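# Breakdown of the fold
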Amino acid sequence: MSQQPPAFSNQSTQQVPRWRKTPPALFPPVLGLFGLSAAWMRTPDAFGLPAAFGQILSGAMVLIYLFAAGHYVAKLAARPGVVAEDLKILPGRAGLAALTMAGMLFASALVPYSPWLAGVALALAILGHGAVLALVIRNLLTGPVEVRKVTPVFHLTFVGLIVSAIPAVQLGWHGYASAIFWLSLVAAVAIWTLSGLQFAREVPPPPLRPLLAIHLAPASLLGTVALLLGMGNLGLVFGILAIGLLAALLAGGRWITQAGFSPFWGAFTFPIAAFSSLMMILAGAGYGDVFRILGGVALIAATFFIPVSYTHL
């Protein structure tokens, strides 16, 4: 029986632990799944459906988030510099912002069971997002000119704290929620404006086009928070804006997906879930059956698409 050369036989066969390979691209679909559970929690008000399915899905997402986020935290503990490395690339910036935004929805899921734990989870998510935001700003100021190009991912970083306003309202932090709403509105309008001007000058390459779907998320989330804060007319305005943005994305669907499936398709997940939630909240608030229909159709689409996208990443 022939023996292997020492160069081969002496190599370690120890496998790298799974948590060391946790990619940031995992978290946009996790955020989408959490958004999907939040959307199903809106169905009792919009359609009179039992809350059981939404509660089961929300509970499952608490476990999935703890598992996925725990893996990344273990990776971070073993090599703290990995955050700075991940933030140097676009998928990393999107993924880490989605990680902390999902943490805010994690806090929202805990509110009915333990407001104290929910408050702690929300504070940690806010601090985590603030750290990501600070590092991204530092990279923008010190990095090459190419890094400063405006992309839809800017919404996740600079507008992502709007998600924290949802559990904040549940916890009675109305002052914080109101402040975050107006700050996020300013940031979202600035990014929409700069993105529109940039789009007029140059067309994004096919691999990056799925990221355009992220533009739908701020309109949906701002509308949701406006309604939760009692600003019904403003919530309706954002609802109409979200419908217009979704119509534009659907009209350009073939062009947007020209490059085929990639991890960037995770950008489709959480915007459609947020859109569905806003439509159902508007329907539940008595703004018309058209919002109920749109919310239901979006919810069905999200229920099929988001889990599939998660399993393919």
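As the structure is a computational prediction, the values presented were derived from the model and not from experiment. In this convention, every chain numbers its residues from 1, walking through the sequence in written order. Whole-chain, interface and lining totals are the exception, using all residues; otherwise, since this is a predicted model, local features are given only for residues with pLDDT of at least 70 and side-chain atom pairs are given and counted only at 80 or more. To get the side-chain values, all heavy atoms of the structure are used, and hydrogens and water are removed first.

## A word on the overall build of the protein
Note the cut-off: Helix and strand labels come from DSSP, where a helix needs a run of H or I of at least four residues and a strand needs a run of E of at least two; each type is numbered from the N terminus. As defined in this context, the radius of gyration uses C-alpha atoms, and a globule is described by 2.2 Å times the residue total to the power 0.38. Burial here depends on accessible area, computed with a 1.4 Å probe over protein chains only, as a share of the maximum for the residue type. Under 20% is buried, over 50% is exposed, and the range in between is partly exposed. In what follows, a contact means two residues having at least one pair of non-hydrogen atoms within 4.5 Å. Per-residue and other accessible areas follow the Shrake-Rupley method at a 1.4 Å probe size, with only the shown protein chains counted as cover for residues. Positive charges come from Lys and Arg, negative ones from Asp and Glu, while His and the chain ends are left out of the count. For charged residues, the charge sits on one atom: NZ in Lys, CZ in Arg, CG in Asp, CD in Glu.
Helix and strand counts for the protein stand at 15 helices and zero strands. Relative to a compact globule of 313 residues, whose C-alpha radius of gyration would be 20 Å, the protein shows 20 Å and is just as compact. Taken along the three principal axes of its C-alpha coordinates, the protein extends 80 × 50 × 35 Å. The 313 residues of the protein split such that 50% are buried. Expressed as a percentage of contacts within the protein between residues at least 6 apart in sequence, the contacts between residues at least 24 apart total 76%. Surface summary for the protein: the accessible area is close to 15100 Å², and the carbon and sulfur share equals 70%. Considering the protein, the positive charge centre built from 15 side chains and the negative charge centre built from 6 side chains are found 7 Å apart.

## Concerning the nonpolar core
Test applied: Nonpolar cores were defined as sets of buried Ala, Val, Leu, Ile, Met, Phe, Trp, Tyr and Cys residues, with membership established by side-chain atoms within 4.5 Å.
Membership of the largest hydrophobic core comes to 101 residues, with the highest contact counts inside it found for Phe34, Tyr65, Ile162, Phe181, Leu222 and Phe275. Sequence-distant contacts of Phe275, that is, excluding residues within four places in its chain, are made with Leu216, Ser220, Ala242, Ile243, Leu246, Leu294 and Ala298.

## Looking at empty space enclosed by the protein
The method is simple in principle: a probe with the dimensions of a water molecule rolls over the atoms, and the space it marks as empty is what remains. To keep things clear, this is the line we draw: Grid spacing is 1 Å over the protein atoms alone, the probe is 1.4 Å, and a cavity is where that probe fits but cannot get out, while a pocket is an open set with protein on both sides within 12 Å along at least five of seven lines and lining residues have an atom within 4 Å of a point. Grid points are joined across faces, edges and corners, and a volume is the space filled by probe spheres set on the points. Residues are grouped as follows: nonpolar covers Ala, Val, Leu, Ile, Met, Phe, Trp, Tyr, Cys and Pro; charged covers Asp, Glu, Lys and Arg; every other residue, Gly included, is treated as polar.
Tallied over the entire structure, the rule returns three cavities of 30 Å³ or more. Each pocket or cavity is described by its volume, and for the largest cavity that value is around 50 Å³. If you go around the largest cavity, the residues you meet are Met101, His155, Leu156, Val159, Gly160, Ile162, Ile214, Ala217, Pro218 and Leu221. Put simply, the parts of the chain that give the lining of the largest cavity at least two residues each are α8 (153-159) and α11 (216-228). When its residues are assigned to classes, the lining of the largest cavity shows eight nonpolar, two polar and no charged. What the second largest cavity holds in volume is close to 40 Å³. Together, Leu87, Arg93, Val136, Asn139, Leu140, Val147 and Phe154 line the second largest cavity.

## Side note on helix α2 (residues 27-40)
Condition: The span you would expect from a helix comes to 1.5 Å times its residue count less one.
Here α2 is 14 residues long and its end C-alpha atoms lie 20 Å apart, about the 20 Å a rise of 1.5 Å per residue gives. With respect to burial, α2 is a largely interior element, 13 of its 14 residues being buried.

## Concerning the pattern of salt bridges
As a working rule, side chains carrying opposite charge can pair if their charged atoms are close by. Rules: The term salt bridge refers to a side-chain nitrogen of Lys or Arg lying within 4 Å of a carboxyl oxygen of Asp or Glu.
The tally for this structure, following the rule as stated, stands at three salt bridges. Measuring nitrogen to oxygen at the nearest pair gives 3.4 Å for the salt bridge that ties Glu202 to Lys149. Of the two residues, Glu202 is situated in the loop between α10 (174-201) and α11 and Lys149 in the loop between α7 (115-142) and α8; the sequence distance between them amounts to 53 residues. When its relative accessible area of 37% is taken as the criterion, Glu202 is described as partly exposed. Across the pair Arg292 and Asp289 runs a salt bridge whose closest N-O atoms are separated by 2.3 Å. Of this pair, Arg292 and Asp289 both sit in helix α15 (residues 289-311), three residues apart, roughly one helical turn. Judged by its relative accessible area of 21%, Arg292 falls in the partly exposed class. With a relative accessible area of 53%, Asp289 lands in the exposed category.

## Notes on the packing of α10 against α11
The condition is simple: Every axis corresponds to a line fitted to the C-alpha atoms, with the helix fit spanning only the stretch in contact, and the corresponding angles, defined between N-to-C directions, vary from 0 to 180 degrees. Reported orientations rely on four angle classes, namely roughly parallel under 35 degrees, roughly antiparallel over 145, roughly perpendicular from 65 to 115, and oblique for the rest. Each crossing gets its hand from how the near helix is turned against the far one by less than a right angle, where anticlockwise is left-handed and clockwise is right-handed.
Close contact between α10 and α11 brings their axes to 11 Å; oriented N to C, the two are set at 160 degrees. Viewed along their axes, α10 and α11 adopt a mutual orientation that is roughly antiparallel. For the crossing formed where α10 meets α11, the hand is left-handed. Counted together, Phe181, Ser184, Leu185, Ala188 and Trp192 of α10 and Pro218, Ala219, Leu222, Val225 and Ala226 of α11 form the full contact between these two elements. A per-class count over the contact of α10 with α11 returns nine nonpolar, one polar and no charged.

## So, the packing of aromatic side chains
Two measures describe an aromatic ring pair: the distance that separates the ring centres and the angle between the ring planes. Inclusion rule: When the centres of two rings from Phe, Tyr and Trp lie within 6.5 Å, Trp using its six-membered ring, the rings pair. Their planes under 30 degrees apart give stacked, over 60 give edge-to-face, and anything left gives tilted.
All chains considered together, the criterion is met by twelve aromatic pairs. On the numbers, 5.4 Å between centres and 85 degrees between planes, the contact of Trp265 with Phe268 is edge-to-face. A relative accessible area of 18% means that Phe268 is categorised as buried. In this structure an aromatic cluster arises from ring pairing among Phe261, Trp265, Phe268 and Phe305.

## Brief notes about the environment of Lys88
Along the polypeptide, Lys88 turns up in the loop between α5 (82-86) and α6 (90-110). Classification of Lys88 as exposed rests on a relative accessible area of 61%. When the C-alpha positions of Lys88 and Leu216 are compared, they lie 24 Å apart, and in sequence the two are 128 residues distant.

No statement about biological role is implied by the geometric values presented.
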